[in-house]
Each structure stands twice: as C-alpha cells, then as structure tokens.
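Topology and contacts: notes
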Amino acid sequence: MNYNTQYNKFNYKRFYRHEQQYNHVISLQDYIGTDNLIYYDIPEGLIQDIKDHIESFVLEERFKVNITILHGLESDPCIINGEWIFSLLHDIVKQIEDLKPHQLTYETGNWNINKIYNQWHQSDRERINVVGVFELIRIYSPKMWDYQNRSGDLVDIDYRTDFTPKIKPYVFTTLNRAPHPHRMELFIQLNKLGLLDKGMCSFNEVKPDALTRSLTEEELNLLPMTLDVDLNKSSAFDHIYGETMPQAFSYMEEKEYDVVPNEFNTFFENSYFTLVTETKIGILRSSESSCTADNCEGVCWPIEKGLECLRCKKINEKPHWMKIYDEKFITEKTWRNMLNGHPMVWIGTMHTAKMLKYLGFKTFDTLWDESYDDIENPLDRFNAVISLVDNLCKKTDEEWLEIQEKAIPILYHNQSKMLELNEVLKIKYDDTIDGEIKWKTS
Amino acid sequence: MEDVLRIVITSGTNWQELHEDIIKGYDSVLHTEIWLDFSTESWFSIDNQKINETVYEFIHNTIIKTGLDWNLFTFIHGNVYTQYNYSKWRKIFNVEKEIKTAYYPLWHKVTSEMHLDYSYQNEKLKDIVRPYLYSNLNGAPRDHRIKTFKYVTEKDLLKHSRHTFYWDDKTLPYSQYTLDWRKWPRLTEQNKHRAIDSHRIQEPEFYKVFDDTYFDYITETLTTNERFTIELDKYVQNPPSPEYRQFFEVFKTIFITEKLWRSIFYKRPFIVMGNHRTLDYLQSIGFKTFDCMWNEEYDSIDSNNLREDACLELLNEVCNTYTLETMHKKVYSDEVQEILQHNYDLFRSLADDMDLLDF
C-alpha cells in the first residue's frame, strides 16, 4: 500500500509519511557507548528522543510507529541501574502516552533473550517485543550487502565454491584474536595434546588466564602464535578486520575493492574443519565471574545456586539480576564458514549447533559426534570438544576424503542458505513457548 | 477523479440499500476505486434501519454483498482515529480481509470553504472592551450540553456569556429558518435544532455573539463516541460476543466539527468540551492552544464524565478570575495574538492542502 498516495487524497498531506518511516531504529550504543560491557546508567536522552520521534507523528498516526532498539552486535546482558534493560524499556512505554508495549522492540545478539525476558516479565502487563538477532550474519550474506567502496560502488564478496575432497596439510584451523579464557584454555589443551602442529592455529593476543589454570611461563613463551599477521606492522585487529573483513567495521569506504578478497580461503583450502572459538561460551564477561575463593583465580559459570567456579567449584554469590542470566551468541566466525563451506566444531555457547539447525542450517552430526553441544557446563563442553578434536586429528587421509565427500551436501546446503538470505535471522517470542525455543531440526 | 466512484454516506443514508447504490454506480471500465465516504460522522456503530453492526462490520458486509473486488474500496470516516480503530477491529474480530481506510477532515475543509472569514473582527475590536467573556452555542440537546446548561445556570455563569440552548428556547433572534422551525417538514420539538444550518452565511446576530465575547466555550458534537449510552448497553452490558465489548473499550474517537474549526478561523481562544485529547491532536498537527490563558489539563482526562466536569469547572474558574478588562488585555497580549494568527494561518494552509471532495 502506498501510504503517501492514499493520504494525499484525503488528508493534510504534509503530515503523512511513507510506510517505512513508521519503523524507527535506534542504536543503543549511541546512548550507552562501548566502554562498558554490562552495567550502564540510564542512557541520557533516550526517552526524550523516542518521545520526540513519536510526537513528530500526527496523533492518529502514532499507533503505526514501531521503535526498535538495536543491540544486536553484542549478547552481553544490558543492566541499567542494577536492573535488566527490560525495566527501562517498560518505563519508556509507561512514560510515553502514545507508545504501547507492542510498538517497542529490543534486539540483542543473545538468541535466548526471550527466555530471560519471560522469566523477568512474570505479570499480566503487555509485553514488549524482545528479539534475539543474528546481526553479524549480515557480514557474510551477499544479498544483504549494501557496502560501498571509496568510489561509492557496491562491492561483492569472494567466497569458496569448490568443495572437492582432497588431502590437506592440516586437520583444522582455529583463529583466535581476543584472549578470552576459553581461547587460552584451548591453547593449553592443544599444546598439551601436541595438536598445535595439526592445525593452522593463531593466538594473536595473550592473557595468562585460562579456564582451568593460568598459563605457565613456558606456555607464555610460545605466544603469541600468529599465522600471516605481521604484528609489528599494524595491530592484529587492524590487519584481520581492516583488510579481510572491512565490511564488519566500516572500513569499506576506505577501500577500493570491487570484491572483498577471501583472505580466509587459504585456511579453508588447507584444513578439513574449523575449530570455531566463538566469542562466548556462557560465562559472564565481568569481574563478577572471578572466583572469590582464596588463592583461586578461576572463572565462574552461572548455575541455579550461584556462580560456580570452574576450578575450585566454590559457589559464589550471583548479583540479583543474574538469577535469570542466560547468554547464547553466534557470530560472524560461524557465518563465515557457512558461506565458505567449511565444516565446524564449536567452542561456543550451549546449543549452538541446535540453534543453527533450528535456523535451517545443517551441522555435522553425520560426520562426527556433536553431542558436546548439549553439555551445559562450559568446561565439560569444552573438554568434550577437545576430545573430539583429538579424535579427528587421528583420522587418516583416506578417512578425511570420505568425510569430505559426506560433507559436500551439508556445505552446499549451508552456502546456498547464506546466498539466499535477504534479511537478518531473528528469534522472536513466537519461536518460543513461554520463552523456551520450540526446537525443531532441519 | 473520474476513475473514482464516490459514494457519499451520511446519517440519513438508506443503509439497507447501500450495496445496491454501489453496484448501480460502479462501472468496471470507468472506475478503479470506490470511496465509501462517511466523513461527515465518526460513528462506532450503525444502529438504525434495523442494522446493529459496528461501522466497519457494516462496511465489510456491504462490500461482500456487492461481490466486488476488495481492493477497489476505501472507507473514509470523520473520526481522527479511523485507521487505528480499523486495525483494532480487524485484530479483535480476526478479520483477514482489508480495505484501505482514511480519515478525512471534512469539517475543516467545509469551514474553510463555506464559512465567512470573520477573523478581521479581532483586529477591528482591539480597542473595545466587550460586554461578555465567552460564547456558548448549543443546538442539539446532547447530554454534555444539557449538563453545561445546568451547570452554568447553577453557577450563575450565563451572565458572562452570549449563549444559545436551543432546546430550551434560549436562542438568538434568528430569522424564520430557525425560529419558524414548525414550518419545516419532519421537524418536531425534539429535533427542531435541525433547522440550524451551520454551513451558510448566518444572520448578523450570530456574528455579534463573537463581537460581544472574548473566547468560545465549545460544546463539541461529541465528548464520547456517538450514541454512547445506547452503545454501552448494546456492546458493553449485553454484547453479542465478548469481542464487541473489547472493541468498544479500545475504540477511540476524536471528532472535530465546524464548531471548533470556526474558533480557529475566527481567531478566537477556546475551551473545548470534546473528545479526549482533542487539544493534543490539534497540537500534533501544529496548532497552538491556550495554556497561557488557563489550565488545559482537562484535555488529558480519559474519563468522559470527569473531563466534562473539568471543562465546566475551568469555565467557572475563568469567569471568576478574569474581568472583562483583564480578559481583553490577555486576549490582546502579543502572546495570545501570536497564537491566534499562527492558528489562523495554519488553518488556511492546511485547508488549501486538502483536496476538496466536492461537497
């Protein structure tokens, strides 16, 4: 329906907008910044800006306006003045007369956000819309691309299309930049099992803390471990993201690419699978995750009773808002491989594979055991993955040729899905029963 | 607009035969659109001629009876909240079919096109203290007007106003059109107010009301939905199904008629006893109202009854606060004059923006 045409016939034409103008998108980061990860003060100006926007519409038009607050690049909880952001969002609705709860949407990268919201909500009042959004899929979904180069021309992206089985020099690839404890733990375990040589491994940045212990002097001396990153030339961050995926960080307008080159192709061509170390594994990115026991520097994961230390098992106290914490995140690290047709094993949040299946992708449970995906404890899940990787590293070339053959339809299916996507995938309340995902598999 | 078949619907339409009128008028070669234009009113329901249906239900049923393509139809209504109400109706009654709907501010256009521009008197009378504070013109004996009459009588406010309460024979010295209502066919004591034609040049006495007063106390056509009491019984107390009650409870009305547009056109401050958020609506399209003269919080009172009470109490307060001299000074202050001029200009320019639907 062309609203403009219709309205012009009957109404004060200057007041009426095109349909698309009813959908107003606000980036939460513009208000809360990027310095903090979880805790924020009430974002200054947010309520007034929403109110101003709503009131820029004629009274009878306001019911058509939808406000979406985006925070889809992160999955961290957003705690404002000690309360979940939902409190603020409901306050906004309460304060703005012409904004009803169903007109307000909060999008976060945490795909399980409806479970949290449902537990938080627990009342008869009308719900706002809460959406888990896979915003980072945009980076590897060619149809969604609208990136322009320095000349203002739209650019394409290069991706791998030939999945012909072949013998490869490495079993796996694992690329690690930010030194999260699970990545440092990965280094410890791969080193311990002698698997670092079996993979194309990078650990570009270093911190001494891993999940089970701190890195030894000897281990630290092996790091950083880089592949083709010249750390002296520029930061690893700039190298990897500025050159190989500028679309992710708005560097594109500085580039002259017609097609963004596939810098990752060498990893896909020379290894059988990627050990994806996702950003999150279900541990809060906060000092509150540190164990308070004497002489313990472990990290804790949330269980019902509190925060359990992965090292000493001490149950630490949880902040009150964390009683309903649950964080599930899938990033561009996964979507890159979906587009490029490279099998994956995930060190990520629980049910990463299950969610991918829910979204219509195929995972790799016909190639190897994926039961690790159902393990709740992040360290147990991590260990199950390491055990799997260890087993996979023992496969012969012949076995890998066979596995690759079996993988072909999976890889094409996933690539084809990535090529077809024309909007970001989302998990909405309708995908859940009382906040719990209505699991189905493809 | 020769490609549009426009069917004008008014309170006097033969509702039972509307679908036949549409079929008779429609030429599939000529017409690409059919407008069902009921912009004269803002009704919630049709409850005459043995029809007991919400207005949208009636329109949908009429379209079904025509057998014509749904995409041809646009329903035009006089309720500001037309699209909102229609979306609620479709949702509550789970209606899949959708037609285009629109609000058309008919009475704004009509006031601009057909009424005398009397705004010049504002300037002309700037040095003359007027004999009364406010005007209050009442034709049809609606509940809120009867309540107003009772209130202003009890509070002895009539002395501050030029007023009519037509049903009680408190009138201006009109010509035969009004006083001689007995000569009109079909008019009785109960509906004699229909002799008033608001949309033509009036007798001088009518305009003198504005010469003699500073602001208008407007008893708009509606403070509720149309036929509110009847509808309460039909759709809230004894609804055909729970959805009707639900729809009635979310249904919103803002119906602005020539009574209010005239005040703006004539450069008059006003207090409006009307629908909830009438002032808010006017502000949203750019008009300024008169919170510099009195408290306008009445506009935000959701309860119709309480809002009416608040309007009357405000009127009482204004009459007991202002003298003719202080009111004169206030109305001719730069602040108020700026508002009056702004509103007048906006009224004209918005009216110019609208296509005239050939009334």
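Conventions and cut-offs
Residues numbered from 1 in each chain as written. Chains lettered and ligands numbered in written order. Predicted model: local features only at pLDDT ≥ 70, side-chain atom pairs only at ≥ 80, totals over all residues. Heavy atoms only, no water. Helix = DSSP H or I, 4+ residues; strand = E, 2+ residues; numbered from the N terminus. Rg over C-alpha atoms; globule rule 2.2 N^0.38 Å. Buried < 20%, exposed > 50% of the residue type's maximum accessible area, 1.4 Å probe, protein only. Contact = heavy atoms within 4.5 Å. Areas by Shrake-Rupley, 256 points an atom, 1.4 Å probe, with all protein chains shown as cover. Lys, Arg positive; Asp, Glu negative; His and termini not counted. Charge placed at Lys NZ, Arg CZ, Asp CG, Glu CD. Core = buried A, V, L, I, M, F, W, Y, C linked by side-chain atoms within 4.5 Å. Phe/Tyr/Trp six-rings, centres within 6.5 Å; stacked < 30°, edge-to-face > 60°. Lys NZ or Arg CZ within 6 Å of the ring centre and 35° of its normal. pLDDT = per-residue confidence, 0-100. Pairing = 2+ DSSP bridges. Axes fitted to C-alpha atoms, helices over the stretch in contact; angles between N-to-C directions. Parallel < 35°, antiparallel > 145°, perpendicular 65-115°, else oblique. Nonpolar A, V, L, I, M, F, W, Y, C, P; charged D, E, K, R; others polar. Salt bridge = Lys/Arg side-chain N within 4 Å of Asp/Glu carboxyl O.

**Some thoughts on the overall build of chain A**
- Counting its secondary structure elements, chain A contains 13 helices and 19 strands.
- For 442 residues, the compact-globule estimate of 2.2 N^0.38 gives 22 Å, and chain A sits close to it at 23 Å.
- On the principal axes, the C-alpha backbone points of chain A span a range of 75 × 55 × 45 Å.
- Burial status across chain A gives 56% buried among its 442 residues.
- Long-range pairs, those at least 24 residues apart, make up 71% of the contacts in chain A between residues at least 6 apart in sequence.
- When the accessible surface of chain A is totalled, it reaches about 19400 Å², and 45% of it is carbon and sulfur.
- Across chain A, 49 positive and 71 negative side-chain charges occur, with their mean positions spaced 4 Å apart.

**Examining the overall build of chain B**
- Tallying secondary structure elements over chain B gives 15 helices and ten strands in all.
- In summary, chain B has a C-alpha radius of gyration of 21 Å against a globular reference of 21 Å for 359 residues, a match within 12%.
- Overall size of chain B, expressed as C-alpha extent along the three principal axes, is 65 × 45 × 45 Å.
- Counting across all 359 residues of chain B, residues that qualify as buried make up 59%.

**Section: the nonpolar core**
- In terms of nonpolar packing, the biggest core is built from 86 residues, with Phe-273 and Trp-335 of chain A touching the most fellow members.
- Residues within four places of Phe-273 of chain A in sequence aside, it is in contact with Val-171, Phe-172, Thr-173, His-342, Pro-343, Val-345, Trp-368, Val-389, Leu-392 and Trp-400 of chain A.
- In this structure, Leu-222, Phe-287, Cys-292 and Tyr-332 of chain B belong to the second largest nonpolar core, which totals 81 residues.

**Some words on the environment of Gln-119 of chain A**
Residue and element names in this part refer to chain A.
- As for its placement among the helices and strands, Gln-119 is situated in helix 5 (residues 113–121).
- Note on Gln-119: relative accessible area 36%, which makes it partly exposed.
- Placed 204 residues apart in sequence, Gln-119 and Lys-323 show a C-alpha to C-alpha distance of 9.4 Å.

**A closer look at the packing of aromatic side chains**
- Going through the model one piece at a time under the given rule, you end up with 65 aromatic pairs over all chains.
- On the basis of an interplanar angle of 85 degrees and a centroid distance of 4.6 Å, the ring pair of Trp-145 of chain A and Tyr-147 of chain A is categorised as edge-to-face. Grouping residues by exposure puts Trp-145 of chain A and Tyr-147 of chain A together as buried.
- The rings of Phe-44, Tyr-56, Phe-75, Tyr-86, Trp-89, Phe-93, Tyr-235, Tyr-244, Phe-247, Phe-248 and Phe-251 of chain B are connected pair by pair, giving a single aromatic cluster.
- In this structure, Lys-252 of chain B packs its charged tip against the face of Tyr-84 of chain B, placed 4.5 Å from the ring centre.
- Sitting over the face of the ring of Tyr-344 of chain B, Lys-267 of chain B holds its NZ or CZ atom 4.9 Å from the ring centroid.

**Focus: unusual backbone geometry**
Residue and element names in this part refer to chain A.
- Of note, the amide linkage connecting Leu-223 to Pro-224 takes the cis form, showing an omega dihedral of 0 degrees.
- Considering the arrangement of structural elements, one finds Pro-224 in the loop between helix 7 (217–221) and helix 8 (236–244).
- Phi is positive for Lys-313, which is not a glycine, with a value near 70 degrees.
- By the element assignment, Lys-313 lies in the loop between strand 14 (306–309) and strand 15 (315–316).

**Focus on the confidence of the model for chain B**
- Looking at chain B, the pLDDT average stands at 90 and 91% of residues meet or exceed 70.
- Predicted complex metrics record ipTM = 0.83 and pTM = 0.87.

**Some remarks on the sheet that holds strand 1 (residues 4–8) of chain B**
All names here are of chain B.
- What the four strands build is an open sheet, ordered 1-2-5-6; its pairing is parallel. Only two strands of the sheet have a single partner each, and these edge strands are strand 1 and strand 6 (100–103). Taking the axes of each pair of neighbouring strands and ignoring which way they run, one obtains an average angle of 20 degrees across the sheet.
- For strand 5 (residues 73–77) and strand 6, the ladder comprises four bridges, and the chain directions are parallel. Across the sheet, residue Ile-76 finds its bridge partner in strand 6, namely Ala-102.

**Some details on the packing of helix 2 (residues 55–66) of chain B against helix 3 (residues 82–92) of chain B**
Residues and elements named next belong to chain B.
- The contact between helix 2 and helix 3 brings their axes to 10 Å, and the two run at 75 degrees. Looking at the two axes, helix 2 sits roughly perpendicular to helix 3. Contact residues: Tyr-56, Glu-57 and His-60 in helix 2; Thr-82, Asn-85, Tyr-86 and Trp-89 in helix 3.
- The residue makeup of the contact of helix 2 with helix 3, split by class, is three nonpolar, three polar and one charged.

**A word on the side chain of Lys-267 of chain B**
Residues and elements named next belong to chain B.
- Mapping Lys-267 onto the fold places it in the loop between helix 11 (258–265) and strand 10 (270–273).
- Look at Lys-267: it is buried, it has no salt bridge, and the nearest opposite charge is Asp-345 at 6.3 Å.
- Setting aside residues no more than four positions away along its own chain, Lys-267 makes contact with Ser-119, Asn-122, Leu-340, Gln-341 and Tyr-344.

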